[in-house]
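Topology and contacts: notes
Spelled out from the first residue to the last, the chains are:
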There are 2 protein chains.
Amino acid sequence: MKVNFKNKSALDQFKLEKYKRGLKTSKKRSYIVQYFLAADRHYSIEELYDELRAEHPRIGYSTVYRTMKLLTECGLASERNFADGVARFEPIHRTHHHDHLICTGCGKIIEFTNRNIERLQQTIARKYKFVTASHKLELYGLCAACQKKKRKNS
Amino acid sequence: MKVNFKNKSALDQFKLEKYKRGLKTSKKRSYIVQYFLAADRHYSIEELYDELRAEHPRIGYSTVYRTMKLLTECGLASERNFADGVARFEPIHRTHHHDHLICTGCGKIIEFTNRNIERLQQTIARKYKFVTASHKLELYGLCAACQKKKRKNS
DNA sequence: GTGAAAATGAAAGTCAATTTCAAAAATAAG
DNA sequence: CTTATTTTTGAAATTGACTTTCATTTTCAC
Ligand SMILES: [Mn+2]
Ligand SMILES: [Mn+2]
Ligand SMILES: [Zn+2]
Ligand SMILES: [Zn+2]
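Before going into details, it helps to say that this report is about the structure given with it. (Residues numbered from 1 in each chain as written. Chains lettered and ligands numbered in written order. Predicted model: local features only at pLDDT ≥ 70, side-chain atom pairs only at ≥ 80, totals over all residues. Heavy atoms only, no water.)

If you tally the helices and strands in chain A, you get six helices and six strands. Shown N-terminal to C-terminal, the secondary structure of chain A runs as helices and strands in the order α-α-β-α-α-β-β-β-β-α-β-α. Computed over the C-alpha atoms, the radius of gyration of chain A is 19 Å, more than 25% above the 15 Å expected from 2.2 N^0.38 for a compact globule of 154 residues. Based on the C-alpha atoms only, the size of chain A along its principal axes is roughly 55 × 45 × 25 Å. Of the roughly 9700 Å² of accessible surface on chain A, 49% is carried by carbon and sulfur atoms. (Helix = DSSP H or I, 4+ residues; strand = E, 2+ residues; numbered from the N terminus. Rg over C-alpha atoms; globule rule 2.2 N^0.38 Å. Areas by Shrake-Rupley, 256 points an atom, 1.4 Å probe, with all protein chains shown as cover.)

Attention now moves to the interface of chain A and chain B. Facing 32 residues of chain A, the contacting portion of chain B comprises 32 residues. Summed over both sides, the interface between chain A and chain B buries roughly 2700 Å², with carbon and sulfur atoms accounting for 72% of that surface. Of all residues in chain A, the largest losses of buried area upon contact with chain B belong to I124, F130 and K136 of chain A, amounting jointly to 22% of the total for that side. On inspection of chain A and its partner chain B, the count reaches zero salt bridges. Among the secondary structure elements, those contributing two or more residues to the side of chain A that touches chain B are β4 (99-103), β5 (109-112), α5 (115-127), β6 (131-142) and α6 (144-152) of chain A. When residues of the side of chain A that touches chain B are assigned to their parent elements, the largest contribution, twelve residues, is made by β6 of chain A. (Contact = heavy atoms within 4.5 Å. Buried area = accessible area lost by both parts, 1.4 Å probe. Salt bridge = Lys/Arg side-chain N within 4 Å of Asp/Glu carboxyl O.)

With that out of the way, let us pick up unusual backbone geometry. All names here are of chain A. Even without being glycine, K129 reaches a positive phi, approximately 60 degrees. Among the secondary structure elements, K129 is positioned in the loop between α5 and β6. Judged by relative accessible area, K129 falls into the exposed class, the value being 58%. (Buried < 20%, exposed > 50% of the residue type's maximum accessible area, 1.4 Å probe, protein only.)

Turning our eyes to something else, we now look at the protein's contact with DNA strand C. With respect to spatial proximity, 22 residues lie near DNA strand C, and among them S26, R29, R58, T63 and R66 of chain B are the closest. Near the protein, meaning within 4 Å, the atoms of DNA strand C are sugar or phosphate in a fraction of 65%, with bases accounting for the rest. Here R66 of chain A contributes a side-chain N or O atom positioned 3.3 Å from a base oxygen of DNA strand C. Note that a phosphate oxygen of DNA strand C is positioned 2.4 Å from one of the side-chain N or O atoms of S26 of chain B. Only α4 (61-73) of chain A together with α2 (27-38) and α4 (61-74) of chain B provide two or more residues apiece to the surface near DNA strand C. Ranked by the residues each element gives to the surface near DNA strand C, the list is headed by α4 of chain A, at five residues. (Near = heavy atom within 4 Å. Polar contact = N/O pair within 3.5 Å; in protein donor to acceptor, adjacent residues only side chain to side chain.)

A separate point is the coordination of the zinc ion (ligand 3). All names here are of chain A. Within the protein, C103 (SG), C106 (SG), C143 (SG) and C146 (SG) serve as the donor atoms for the zinc ion (ligand 3), at 2.2 to 2.4 Å. Around the zinc ion (ligand 3) sit four donor atoms; with metal-centred angles ranging over 103 to 114 degrees, the donor geometry is tetrahedral. Taken in chain order, the donor set of the zinc ion (ligand 3) reads C-x2-C-x36-C-x2-C. You can call C103 buried: its relative accessible area is 2%. (Donors = N, O, S within 2.8 Å, 3.2 Å for Na, K, Ca; no water. Tetrahedral: all angles 85-135°; square planar, octahedral: opposite > 155°, others 65-115°.)

Right under this line is the structure:
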């Protein structure tokens, strides 16, 4: 049976994926999925775990970890590895590639897309006869607020 | 005393840095430095350690590790963190920023620079009022050889 | 040479990520 | 509604790359 995801919500899509894998539905996992997908952040497991525990103190770290991995496999989350060495996950609401500006002062993350950069990347790949599968573009620096803060303290 | 590095070899520069820090010269460290700087690769500690041991079996992992950190502090090496989760070091022969194309099949790494991309990055940073300190641009895919290999096996 | 100071390396410690496994929860079968 | 089967859970153990420790060895200034 072919499945049309076009009219499915992300959560439904997740249930469907689970069904196809012979998974069972659990209260805790559903809560994690719903909470994560509703947010619009780049969560580390730890951060997500801490927030979830406020409401659901019996959720374990492993469950959060495994749920994020599941969502990533299902294509509902994307795992990001920025320079701080902690994996972060963001929901994929509508497939829509983007790159990141990251403030090394406060951790603020801004997303951007730039068609010209993407094009130039392809030109480079072609030049070296590579077929690219993915790329990573991250700009690290200080956001406006952190620049101001820094000026004050010096 | 101000030091002019312009006419110094990288190794001399290293000795100078060591001197300024009150370090002593050791046979093993010198060998590691000389071997590493002569190569033109992106070495992981492990890889470098294994190669060095072929000639100098008494060199320890810690010494290789510490020497690479030293070189990085001295500005003679640059630490890179690609997607495989293992830190790599490359000599900085002439200060010269570049980005990387990485083959996920064989590990081959190609360096490139692109002024237009750099410029566009600055435009983006400006747009969001960021002051960037560094950036990371990595293109992952298959090199020509690995594409061929893949076609054969399918 | 001698002694103070730095370098070394085996082993231990870190830290996030990942796996294990016995108990709990969900679902299928009766 | 039971009972049986399968999946899920979480505390604890393990992993793997990195980093530090500390007793011993090497370097080097005198
Ligand atoms: Mn994002
Ligand atoms: Mn390079
Ligand atoms: Zn900031
Ligand atoms: Zn290749």
